[in-house]
Structure formats: structure tokens, C-alpha cells
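Examination of the molecular architecture
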Amino acid sequence: MKKIMTVCPYCGCGCGLYLHVENGRITGTSPSRAHPVNRGSLCVKGWNAHEFATHPDRLKYPLIRKGKSLKRATWDEALNLVAARLGEIRTKHGPDSIGILSSAKCTNEENYLMMKFARAVLGTNNIDHCARLCHSSTVGGLAAAFGSGAMTNSISEITDASLLFVIGSNTTEQHPMIGMHMLEAVDRGATLIVADPRRTQIAEFAHIHLRHRSGTDVALLMGIMNVIVSEGLVDADFVRRRTENFDPFEEELKRYSPATVEGITGVKANDIRRVARIYAMEKRSMLFYAMGITQHITGVDNVRACANLVMLSGHIGLPMSGINPLRGQNNVQGACDMGALPNVYSGYQKVTDARARRKFERAWRKKLPVNPGLTIMEMMDAARVGSLKAMYIMGENPLMSDPDLHHVRESVERLEFLVVQDIFPNETSGLADVILPAASFAEKEGTFTNTERRVQLLGRAVGAVGESMPDDGIICALAEKMGYSMSYRGPYEVMEEIALLTPSYGGILHHRLSDGFGLQWPCPDSSHPGTPYLHRKKFAKGLGTFITVEFQPPDEPPDEAYPFLLTTGRLSFHYHTGTMCRRTAVLEREEPECLVEINPADAERLGIRKRTRVRVSSRRGSIEPRALVTGRTPEGTVFIPFHFMEAAANILTNPATDPGAKIPEYKVCAVKIEKIGT
Amino acid sequence: MKNEWILEKNHLSYWLRQLRKERDLIGPLRDEGKDIVFRSVEQIHEVILDSPASLPSPKEFLIPQYDPMLRLKVAGHELAFPSRPQPVSPDVHMKESFGKKRVLDLMDKKKRVIFGVRSCDISAIRLLDRFYLKGYRDPYYEQRRKNTLFISVVCNNPDPTCFCIGLGTGPYLEEGFDIQLTDLGNRYFVQAASAEGIKTVRGMSFLFSRPRKTDLDDQYEVFLSAKARFHKRISLESPRRMILAGRLKDDFWQKVAARCFECGGCVYDCPLCTCFTVTDRRYPDGVERIRLWDTCLFKGFTRMAGGILPNEKRVLRTMRWYYHKLIHYPETLNKFGCVGCGRCAITCPGKIDMATIATEIKGLALNGEEE
Ligand code: SF4
Ligand code: SF4
């Protein structure tokens, strides 16, 4: 029996685990004891990560559409077809008629190659990935405030913090190993403040739990800051020496007295004062947030408000002091770092910056497009009006994950040509013209970057299933067919190129990652030990900027016709659109169907009992899940996980987006509930 | 004559190399990631002789996480299962024909020797034997058990989490092992107890010599020093009494359950937890039935028809884990369902492992709080 050290393919914690291999077959998983994130533990998904990779549903050979059905093809046939069709469409309609979705499930090297493919081979900046849907507000919001949009601290620092302020993160269920560190900090005497409309598991350990109304985060945070300023708790020295633009911001704050904020958020003015005092006065304060902050039409403002709060109290730039966006996917941090985004190259170098562009043009020996490309949501709109003709989607399932699915399906159906590259058939691949089978995490080499910026090496446990190939191999082969040479001996050579072109990854090379547990960027050169916490002594961009924000209500608040507020999210046993976890026996057995969480008071009013079937409708469609009656969800609100294609929550969600980050408002839309069963 | 010998340390590699000729040699090795894990040994000199507790426990070699039980290959499309697996033939080949359907038997026939196992794990395996081999004999377990030889080592370096000492399951054993080694510095004191163990040593008797009186004294000294090294002394008897006397309030278990992450780690890692699930995988040409590790800590483990979940409340499931180990095991097997290996303390993200909870209950008893 062999045991191969690798990284968990599920969430952004990036736990170290072993894959067990017996007779060339993956037979199990176990945790690494020495790993700084998981220290001998795993969550249930990690423990079962061995199972989906060997599932018989895996795509094993390329498929090409012939009329209504998909037929087996050779790699040559499939790639020739893709190359020819993309080439044709590019010639006829221009490179910007093609859109690419890269993948936060794939490695850094693969994401880098995909963005190189988009820019150098196709000649378009139309490349995006699911970070758009989870943390694009962070990438934009924190970059503007500090110059870098990533978690500022390390996971292992959490246990030594004395205050944890968790807003909009169901940490124990969605980032279980970070939740573990939080619980330990609380055991050691840290104060825990949780702000979340739902009573999550972590909220049960909170010393103060603020249950504000969904979508009122800006008001809540402004109220807290109002108190910090009016009670003289500002770290004036920090504000003076390290930040700019404080005055206009202070002016704006005056409008958010605790009493006003109580009216907007439903949180008692006194609680706001308490939290403000504790947060400002405690040292070693860490702020954490996740989708509860980012997935709103005010996502960027929410993030900015968080950034303002940490600067106001000087809680940044030290160990155990900072602002920590918890990234969802195993490699969503890396996919962003690699520039699988429409406006930046790797390391967030702007495509509009002529110097950066020249650098990439010289390295890639190709003229590169100047204007930023389309985001996911914009691609869908462009497809709908016919200006986007083709899409190449790697490791994503927009037909389950994007808001307002009916609309997304219509858009994708209008494409002239769709290529899907994945490990399993999914909702999106059902519409594909060509399906390219990819290798899973267990079958390839490369690196993932976890939420604390730790770049870690994968271990290849077994060979690729059937004729499937690692994504990087497919991209390179396709580039060759399109007349651009991409030849690398392996992912380590790709990483060398990344290091050359990306300052923050300058010292990240595969051979350095194998001793220990990877390196945390920024790591500018090959002798640099990596950076456990950011913004020491000065911010990445020099001075931190206070950006004035203003409270704005959600796009679609409940009203008479649709009286409930729907908020969406995940369950601890499942992951996103379910392609992997729903093929894992124990995970699927635990949560086999979609349940809508409804408060007992609302349920009673509507005559709904446990497991009653209900119809949940929004202005965009309806689904029919069963009910789960629980006080976890507040009155007037319902919660639906988005994993289940039988009752896809995203049929209901509102595609309204944040004007800057273009992130959709998954966390708030209006629905009505009807009882249809008994 | 007693089955006791002396093995010079510099003969160990040779001995293991000989054993490896007939079996897959598995032992604790240090990995690049600085973990010590049990896996197939390529370089014998790399075997760690005093390894800390391994994750998961050696039960993985008897009841693997992922265990194919049988596969049906079907000519047409009609599928049928035999009522019971027919485990006989080696590896994967055809066993029997049912009309057009061929039944494949996936019995694991590999011979293994697991080197460097700890005493507590051997004690756990003896309990697994009673679970899997008394009454209904589980053919998959039986097959692997028969083919696996365990060489255990007397622990002289318990982890801070270990507490076998209070349970009589370690750090050394008087009986029930295959082969037990005690490190005497430049040599090992070798004891064999099972027939297979004795046969294995005798088969290479030229490597072993008879122990002298001084060797016995030295071994005794190691036993004493091993016992002195434990950080924890935990009795499971007092928690058992507290529970039986109904002196733990619901509130206590509520607090424990609130910390459960439902990761399943305590069950997966425990050397004597046996929960499993069975699932069928469909292939284009048939079906494979597999057995996978599962845990009673999940609500779906006891789901009934109509979606009813008798143990929907997490507290019921958390309590059940302790009740099974502290009450039901002693009732049925006259032993605690815990050998004090300390793995749940390493793996539990919520820190509600056996040692912690037993200590807490004992604290309550001492304070007379629940009297
Ligand atoms: S916490 Fe995240 S990375 Fe760790 S095992 Fe669970 S899903 Fe995997
Ligand atoms: S209950 Fe915990 S300490 Fe006891 S045998 Fe199981 S894993 Fe080891």
C-alpha cells in the first residue's frame, strides 16, 4: 500500500491529506498530523475525498455532439474540431466573440495556461471563473483599500488571537478546519463575536451573536464604526501614519448612529455599542468574513466597510491582527492569483497597464488585447444577445451555479459552439458540442493555493482514468492545434514561467514546495521564506485608503407578493453543484434531498410541518423542496442550499449584481412559499 | 519451552527482508511531509522503530476504507445479486456462473506483515475479532485477518494523548499478540503468542537466540519505565458508573454535542469502531458492490423508510458513541470499547474525544456535583 501526500480538493482550507493506493487503485484517505491547517483532522468531505475519483460516471473519452446525442471520439477528432470551430468563429466574429471560464478546482498551472490560452492564442481577455460569484468583491474591495485582496493572516495564528469577529461566515460547516482553530481560540479565552442572520454552529459559541437582517451589513459595520469614533476608541496614531482619506469617511459615519442602525438592521443599539467597544479595545483582533459579506449587490461596499473597520482600530499588519476573507474553493485564491480574470494577468497585473502588457507580450511572443474582457454574468448576457458565439468552460457548472438558471440556460443554448472540459458529466455539459474528459486531483501534478495564500504541491496518486488527461495537457494540445506552441516538460516548468512573470510568486518553484507544507505568497525570490501575514509596516499599496460607503438596501427585498427573504448557501456534507459529493455514498446518504429551512413561527402560520412539500417561487421560477422547520433561520427568512439539481436554488436567485465586482446577490431575493404536500 | 527469544538489532533488517519475500511489508515510515504513516516499506532501514500513533489505525489493513465486495458482469441488462458473496478464489476472477451473469469475487488475498504496531492496537484487533468472527463470520475480515501478521512493539514513548495504561491494553501485552518486540538497547526481546507468530520465528530460528536471565530483567525494567512515561491515567470505570447511575444531566451531553463537527474522524480513526455502509456502483457492463467506512455519528446512518431519522438530534448520536463504548461494550464483551490509543484526541476538531470527556465526567464525580 502506498500513501501519497496531497491537498484536499474541496474547500479553501487546503488540508493536507494522504491518498491510499492499493494495486493501482485509490482506496482511502487519511489526515496529515503535521500539517499546519488540519493537524490530524479532516472534515467529512476530506475523509471521503477518495471516493469520487474512482466513480464509474467519470468521463473517460472525448465526446462530440452528433444531432441530439454525444458520440465517442478520439482526442484528435475532438481537438481538431474545437480548434477549427474556435478558429472559424474568431475569424468571422473577432476574438471577443469567444468566452472562457477557467476553474477554481484546477491547479495554478492550469489556470495560468488557460489565461495564456485566452489571451495569447485566442486573443481575448474574456476569461473569468467562479471567483466572480464568491469573492470578486473581495478582490476589488481589498485591492482598492490595501493593494492586495487576500487573507492577511495565517490559519495557525487564530488560536492565539484574543478576539474573533466573524461576519457572514458559517465557519464550522464551510471551513471546518478554520472553525476548529476558532473553537480552540475560544477555549483559550478569546472573545467571539458572530454577525449572521442565521444561528449557525459557530454562533452557538459566540459571546455576542448579532442577527442583523440579510443585506444590512454596511449599516451594521458603519454603526459599529460610528461608536468607535464617537467614543474616542479610534487608533488615531495608526490612522494618521498608515492611512489616507479619513476625513470624508468620518463625515459619512455621522449618519449611522446606533439608533438609526438599529432601525435598519434590527440589532439593538446597545449590542452595537458593546461590539464596537470590545472590537476596538482588544488587541490581537482578527476579522473573518465569507459569502455573507460578498454575495450582495453591495458586496464591494461590504468589503470596504470591513477594511475601514480594521484600519480604524489599527487591527492589521501584525500577527493575529487582520482581515480574513475565507475563500471557498480549494484553489480559488490561486485561480485569481493566476489571472483567470478579465482585467488582470497573473499577480493582479492589469491588462490596461501598458508595461505589464508589454512584459507578457514579450514573454509570450504575441500581441495581446488591450481592453478588459467580460465577466461571467456579462458573458451570459452577451450570449443571450448574440455577441458571444462560443464558450470554452473548464471545471465549472454555470447551469447550476449561476443565478437565475432559466436565463442562463437560454443564454448558453444560443451559443454556436460550447466546449466543456470536466471530470463528470454535469448540467452544463448536457448542452456541449464537445466534451473533453479531464483528470481529477488525484491523477495530476501541480499546485493549489489555499485561503491563507499557501501554495501547496499535489501528489499524483494514480494515472488518469480512461483516456482522460490533466487539464494542462489538454490546453497545451489545443494550443498546438491552433498554431501556438505551448510545450512544457511538466507543471514545474509552467510554474517557472509563472515565477518569472509574477512578482508575488517569484520564489515559488516546485522543488521548494516539497519540503514542509508549501510557501505563502508574497514570495518574491527563491530564497524568500514566504509571508505568514500581510501589510507589515506598510500596506501593499503604501497607505491604506478609507473608502466612503453608503448603506443601500438589497435589490429585491421581500414585498407583499413575495413576502419571504431567501438566502442561499451550502451544507456541511455537500459542496457546490454536487458533482463530486453527490457521487460519494456517505455524503449523499446524509443529505439526499433539498430541504428549505423555515422558521417554526412562519411554518405554523402556513401549516407547514417537517418534511411538508412546498413550492418556493420567485419572480424567476419555482422549485419544490420539502421543509425543514428550524429556529436556525430567522422569521421571515428561508434558507435553501444550492447543491441539488432536483430543486436548484439558483432558479430562484436574483441576477442583480454589484456594479463594480459584478457579483450576483445570492444572499437576498424575495420569494413566496406555498404548501403543496401534507 | 517458552516462546521467547533474543534478536540482535543488526539482524532486524535481514529478518524483515526475509518476511517481505512472502508478504507485503508495511511499517511506519517518515514521509516528506514530516508525518509518520504506515505504508509498504521499500527501504527497510527507513522503518521507524518507535513511531507515534498512526492515523488511521491498523484496522485499515483488515477493514479497508474502500472495500470492493463483489462485482456482477452482465451480458444482457438484467442484474441480479447472489444472496451472499462466495469468497474463495484469489483476486479478481470468475467464481461461479448464474446463467448469463458472471459473479466476480473480489476477495483480497494479499499476505501482509504489519511491523511496528502498538499494543493498544493489538488489543483492539482482538475485540474486532469478536465482532467480526463470533456468530456471523465476516468472510472479508476473516480472509484478511488470516493473511496478516502483526509485529507489535512495546511502547516506551507514549504520545501525550495515550491512556492504555489505565485500561490494561498496553503499553505491553501478556498475550494475544502475534509477535511482540521489546527494545533492550542493542537487541530485541522477542515473544510470539499466536501459532502464526511462533511459526514465523521458528522458521528463521538461526536469527534468534534464547534469552538469559539478565534479558528477562532488562525486559522487566523496560516495562516499568514504559509505564512511568504516561501523562494520562484515565479510568473509564467512573464515567461508566456515572452514566449507569443516571447522574449526567442532558445539559452535559448537549454541551458535548454542540462541539461535534460531524466529521466522523473519531470513528474512522478508532481502532475498534466498525461502522460501515454498503453501496452499489453501476458500470456500463455491470455493478460493483462496495463496503465503505461509515459512522454512527451521522443522522442518515439510522434513517428509516419514509425519511424518518430516529437520531436526528445530534446529541443523541454523540451520546450514543460514548454509551456504546462505555456501557454496551462492557455489557456484551466485558471490555470497554476503547483501548486508550488516543487517536480521537488527535483527530477531533471539537476536542470531545474519549479522554477529554472521561476526564470531565470524572471531574464532575469528584466535585460531587451530580450526586
Ligand atoms: S476543511 Fe476543507 S480542505 Fe479540509 S478536509 Fe474539509 S473540505 Fe477538505
Ligand atoms: S475511543 Fe479514542 S482513544 Fe479509545 S480506542 Fe477509540 S480512538 Fe482510541
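If you're wondering where the values come from, they're calculated on a predicted model, not measured in any experiment.

1. Description of the pattern of salt bridges
Applying the stated rule across the entire model yields 69 salt bridges over all chains. A salt bridge links A:Lys3 to B:Glu60; its shortest N-O distance comes to 2.7 Å. Of this pair, A:Lys3 sits in strand β1 (residues 2-7) while B:Glu60 sits in the loop between β3 (36-40) and β4 (66-73), placing the two residues on different chains. Under the relative-accessibility criterion, A:Lys3 is labelled buried at 5%. Its salt-bridge partner being A:Glu597, residue A:Arg198 comes within 2.9 Å of it at the nearest N-O pair. Note that A:Arg198 is positioned in the loop between β9 (191-195) and β10 (208-210) and A:Glu597 in strand β22 (residues 595-598), a separation of 399 residues in sequence. The exposure class of A:Glu597 is buried, given its relative accessible area of 3%. Look at the salt bridges and you will find they share partners, linking A:Glu22, B:Asp67, B:Asp108, B:Lys110, B:Arg112, B:Asp138, B:Arg144 and B:Arg291 into a network.

2. Observations regarding the domain arrangement of chain A
Residue and element names in this part refer to chain A. Taken domain by domain, chain A comprises domain 1 (2-54), domain 2 (71-133 + 330-520), domain 3 (136-326) and domain 4 (564-675). Each of domain 3 and domain 4 was reduced to a C-alpha centroid, and the two centroids are 27 Å apart. Between domain 3 and domain 4, a total of about 1700 Å² is buried, with carbon and sulfur atoms accounting for 50% of that surface. Broken down residue by residue, the surface that domain 3 buries against domain 4 is led by Arg198, Gln295 and Ile297, which jointly contribute 38%. At the boundary of domain 3 and domain 4, one finds one salt bridge.

3. What to know about the site of ligand 2
All names here are of chain B. If you check the shell around ligand 2, you find 13 residues, and the closest are Cys270, Cys338, Cys341, Gly342 and Cys344. Put simply, the parts of the chain that give the shell around ligand 2 at least two residues each are α9 (314-333) and α10 (343-347). For the shell around ligand 2, the per-class residue count stands at nine nonpolar, two polar and two charged.

4. Here's the deal with the site of ligand 1
Taken together, the residues surrounding ligand 1 are A:Cys8, A:Tyr10, A:Cys11, A:Cys13, A:Gly14, A:Cys15, A:Leu42, A:Cys43, A:Lys45, A:Gly46, A:Pro176 and A:Met177. For the shell around ligand 1, the elements supplying multiple residues, two or more each, are α1 (44-47) and α7 (176-187) of chain A.

Calculation notes
Each chain has its residues counted from 1, running along the sequence as written. Written order decides the labels, with chains lettered from A and ligands numbered from 1. Two thresholds apply to this predicted model, a pLDDT of at least 70 for residue-level local features and 80 or more for giving and counting side-chain atom pairs, whereas whole-chain, interface and lining totals are computed over all residues. Calculated side-chain values reflect all of the structure's heavy atoms, with hydrogen atoms and water omitted. Salt bridge, as used here, is a side-chain nitrogen of Lys or Arg placed within 4 Å of a carboxyl oxygen of Asp or Glu. For helices the rule is a DSSP run of H or I covering at least 4 residues; for strands it is a run of E covering at least 2, with both sets numbered from the N terminus onward. For every residue, the accessible area obtained with a 1.4 Å probe (protein chains only) is divided by the maximum for its type, and the residue is called buried under 20%, exposed over 50%, and partly exposed between those limits. Each domain span listed reflects an automatic or database assignment of domains. The quantity reported as buried area is the accessible area (1.4 Å probe) lost by two parts once they are put together, taken as the sum for both. Residues are labelled near a given molecule or strand when at least one of their non-hydrogen atoms is within 4 Å of it. For this classification, Asp, Glu, Lys and Arg are treated as charged, while Ala, Val, Leu, Ile, Met, Phe, Trp, Tyr, Cys and Pro are nonpolar and the rest, including Gly, are polar.

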